[in-house]
Amino acid sequence: MQANSQILNQTTPNRTAAGSTSKADAKLGIFCAAFLGVALLWGVGFSHINVFHNAAHDTRHSNAFPCH
Amino acid sequence: MDTFRRLLITAVLAGLIAGVFVTLVHQIATVPVILKAEVFEKAADEAAPATEGSDGNSATAGSMSGMAMSGTDHDHAASEAHEAHDHEEGGWEPSNGLERNAFTAAADILTGIGFALLLAAAYAARGSQMDWRKGLFWGLAGFAVFTLAPGLGLPPEVPGTEAAPLLQRQLWWVATVLLTGGGLALIFFTRQMLWSVLGVAMIVLPHAYGAPQPAEHHSAAPEALAHSFIVAVTMTSLLFWVALGILTGFFFQRQFKAA
């Protein structure tokens with residue numbers, strides 16, 4: 001049990017979280033968070049859909065996302 | 001999905017606070033410059049007869065904008081303007097004032113949450129203990145990756161600035177962000193000199209290749225306004241990334257300590 005949680009400790013985000021998370025859960029969580037982050041940024045900053053562009057226009061310019 | 005839940009809470013809290021903060025900073029520093037530039041943009045549009053919706057009043061608008069363009073310049077600018085302004089004539093846009101600023105605030109907050117998700121995912125992937133101070137350093141790296149590096153080749157632009165085709169610029173932006181982020185990761189997370197040299201080469205590469213540029217540079221807004229916008233965007237972005245780094249580091253520590 002001790003050895004097992006040692007292994008988990010090396011792959012989970014934080015030692016104290018090791019008890020409740022598994023390696024697979026950590027990997028999936030990291031992937032989902034990164035994917036959601038990219039999707040949000042794409043929608044706000046990069047989508048060519050007019051409505052998205054016009055709604056986020058000033059944010060795009062203020063963040064120097066390529067615009068127009 | 002316990003890890004995802006904690007990362008999401010971290011990112012939503014940090015992105016919300018940093019987003020509200022940067023919305024206020026944008027209202028002070030960048031949005032007034034954008035609105036000023038749009039006055040010049042509109043005048044230039046009206047001066048270009050080929051642009052949709054500018055039928056009869058090109059002569060007056062031309063003198064209003066105070067621009068003396070040669071025939072070829074004019075045609076070029078007109079076709080560029082036509083391409084550039086499809087979005088404004090082709091659909092809904094928020095009306096100026098409260099509605100427009102509300103959408104800017106929402107977009108700023110979503111941007112904050114988006115970047116916070118990437119930071120939190122990176123912290124988790126690294127698997128080391130976080131605190132606000134480590135978060136600050138990550139935030140500074142984010143500033144270098146997402147603002148400084150792409151901004152060197154594609155400086156922040158006010159509305160009404162001619163630029164290369166959008167998709168080309170977006171591709172260069174994404175490639176520069178990936179190469180700069182990857183390069184910094186190699187420099188910071190490996191110990192051998194070879195990897196560090198490769199990291200530096202990755203950071204240099206997109207600039208050696210060069211950012212896509214327009215056939216000719218032209219801006220409807222005066223150069224002084226365009227320059228002050230570059231400074232405003234870069235500095236507001238620094239403030240945003242410092243805030244986002246500190247907040248993500250702080251909330252990440254709390255989320256993964258409470259387990």
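Residues numbered from 1 in each chain as written. Chains lettered and ligands numbered in written order. Predicted model: local features only at pLDDT ≥ 70, side-chain atom pairs only at ≥ 80, totals over all residues.

Re the overall build of chain A
Counting its regular elements, chain A contains four helices and zero strands. For chain A, with 68 residues in total, the buried portion stands at 46%. (Helix = DSSP H or I, 4+ residues; strand = E, 2+ residues; numbered from the N terminus. Buried ≥ 20, exposed ≤ 12 C-beta atoms within 10 Å, placed from the backbone.)

A short note on the overall build of chain B
Broken down by element type, chain B carries ten helices and zero strands. Along chain B, from the amino end to the carboxyl end, the secondary structure elements read α-α-α-α-α-α-α-α-α-α. Counting over 259 residues, chain B shows a buried share of 42%. Expressed as a percentage of contacts within chain B between residues at least 6 apart in sequence, the contacts between residues at least 24 apart total 80%. (Contact = placed C-beta atoms within 7 Å.)

Focus: the interface of chain B and chain A
In this complex, chain B contributes 54 residues to the contact, which on the side of chain A involves 38 residues. Only helix H1 (2-29), helix H2 (31-47), helix H6 (98-126), helix H7 (132-153), helix H8 (166-189) and helix H10 (223-257) of chain B provide two or more residues apiece to the side of chain B that touches chain A. Residue contributions to the side of chain B that touches chain A peak at 16 residues, all from H6 of chain B. Residue composition of the side of chain B that touches chain A, by class: 33 nonpolar, 16 polar and five charged. (Nonpolar A, V, L, I, M, F, W, Y, C, P; charged D, E, K, R; others polar.)

Quick notes on the nonpolar core
Within soluble globular proteins, side chains that are nonpolar generally end up buried alongside one another. Within the largest apolar cluster, 45 residues are counted, with the highest numbers of intra-cluster contacts made by Ala 33 of chain A together with Leu 7, Ala 11, Ala 116, Leu 117, Ala 120 and Leu 244 of chain B. Mapped onto this core, the elements with two or more residues apiece are helix H2 (23-46) of chain A together with H1, H6, H7 and H10 of chain B. It is H6 of chain B that provides the largest number of residues to this core, a total of 13 residues. If near-sequence neighbours (up to four positions away) are discounted, Ala 116 of chain B is found in contact with Ala 11, Ala 14, Gly 15, Leu 244 and Thr 248 of chain B. Within the second largest apolar cluster, 19 residues are counted, among which are Ala 64 and Cys 67 of chain A together with Val 33 and Ala 48 of chain B. (Core = buried A, V, L, I, M, F, W, Y, C linked by C-beta atoms within 7 Å.)

Some points on the environment of Ala 55 of chain A
Inspection of the secondary structure puts Ala 55 of chain A in helix H3 (residues 50-55). A tally of 23 C-beta atoms within 10 Å means that Ala 55 of chain A is categorised as buried. Expressed as a C-alpha distance, the spacing of Ala 55 of chain A and Val 44 of chain A, which sit eleven residues apart in the sequence, is 8.6 Å. Those residues in contact with Ala 55 of chain A that lie beyond four places of it in its chain are Pro 94, Phe 103 and Ala 107 of chain B.

Structural notes on unusual backbone geometry
In this structure, Ala 64 of chain A takes a positive phi of about 60° despite not being glycine. By secondary structure assignment, the location of Ala 64 of chain A is in the segment after helix H4 (57-62).

Thoughts on the packing of H1 of chain B against H6 of chain B
Between two packed helices, both the angle of their axes relative to each other and the distance between the axes serve to describe the pair. All names here are of chain B. Axis separation between H1 and H6 bottoms out at 6 Å; the angle between their running directions is 140°. Viewed along their axes, H1 and H6 adopt a mutual orientation that is oblique. In this structure, H1 meets H6 at a crossing whose hand is right-handed. Here the residues of the contact of H1 with H6 sort into 16 nonpolar, eleven polar and one charged. (Axes fitted to C-alpha atoms, helices over the stretch in contact; angles between N-to-C directions. Parallel < 35°, antiparallel > 145°, perpendicular 65-115°, else oblique. Left-handed = near helix turned anticlockwise from the far one by under 90°.)

Re the packing of H2 of chain A against H1 of chain B
Running from amino to carboxyl end, H2 of chain A crosses H1 of chain B at an angle of 35°, the nearest separation of the two axes being 7 Å. Taken as a pair, H2 of chain A and H1 of chain B cross one another with a handedness that is right-handed. On H1 of chain B, the residues touching Asp 25, Ala 26, Leu 28, Gly 29, Ile 30, Cys 32 and Ala 33 of chain A of H2 of chain A are Asp 2, Thr 3, Phe 4, Leu 7, Leu 8 and Ala 11 of chain B.

Examining H8 of chain B
Residues and elements named next belong to chain B. Compared with an ideal rise of 1.5 Å per residue, which puts 24 residues at 34 Å, H8 spans 34 Å between its outermost C-alpha atoms and is within 8% of the ideal. Of the positions making up H8, those classed as buried are Arg 169, Trp 172, Trp 173, Thr 176, Leu 179, Thr 180, Gly 181, Gly 183 and Leu 186. In this fold, the buried residues of H8 make contact with H7 and helix H9 (193-209). (Expected span 1.5 Å × (residues − 1).)

Topic: the confidence of the model for chain B
Residue and element names in this part refer to chain B. On average, residues of chain B score 87 in pLDDT, and 83% of them reach the 70 mark or higher. Below a pLDDT of 50 lies the segment residues 51-88, which in the model reaches 47 contacts outside its immediate sequence neighbourhood of four places, other chains included. The complex prediction reports pTM at 0.82, with the ipTM value standing at 0.83. (pLDDT = per-residue confidence, 0-100.)

So, the environment of Phe 250 of chain B
Residues and elements named next belong to chain B. Note on placement: Phe 250 falls in helix H10. For Phe 250, a count of 21 C-beta atoms within 10 Å gives the class buried. When the C-alpha atoms of Phe 250 and Thr 30 are compared, they prove to be 28 Å apart, with 220 residues separating the residues in sequence. Look past the residues within four positions of Phe 250 in its chain and what remains in contact with it is Trp 132 and Gly 135.

Concerning the confidence of the model for chain A
Looking at chain A, the pLDDT average stands at 80 and 69% of residues meet or exceed 70. Across residues 1-18 of chain A, where pLDDT falls below 50, the model places 30 contacts with residues more than four positions away in sequence or in other chains.

As for H9 of chain B
Residues and elements named next belong to chain B. Its 17 residues place the ends of H9 24 Å apart at the C-alpha level, agreeing with the 24 Å of an ideal helix rising 1.5 Å per residue. At Ile 203, H9 shows its largest kink, close to 30°, and the proline Pro 206 lies no more than four residues downstream. Regarding H9, the residues found buried are Gly 199, Ile 203 and Pro 206. Looking at the buried residues of H9, the elements they touch are H7 and H8. Of the residues trailing H9, Gly 210 is marked for its positive phi of about 100°. (Bend = angle between axes of the 7 residues up to and from the residue.)

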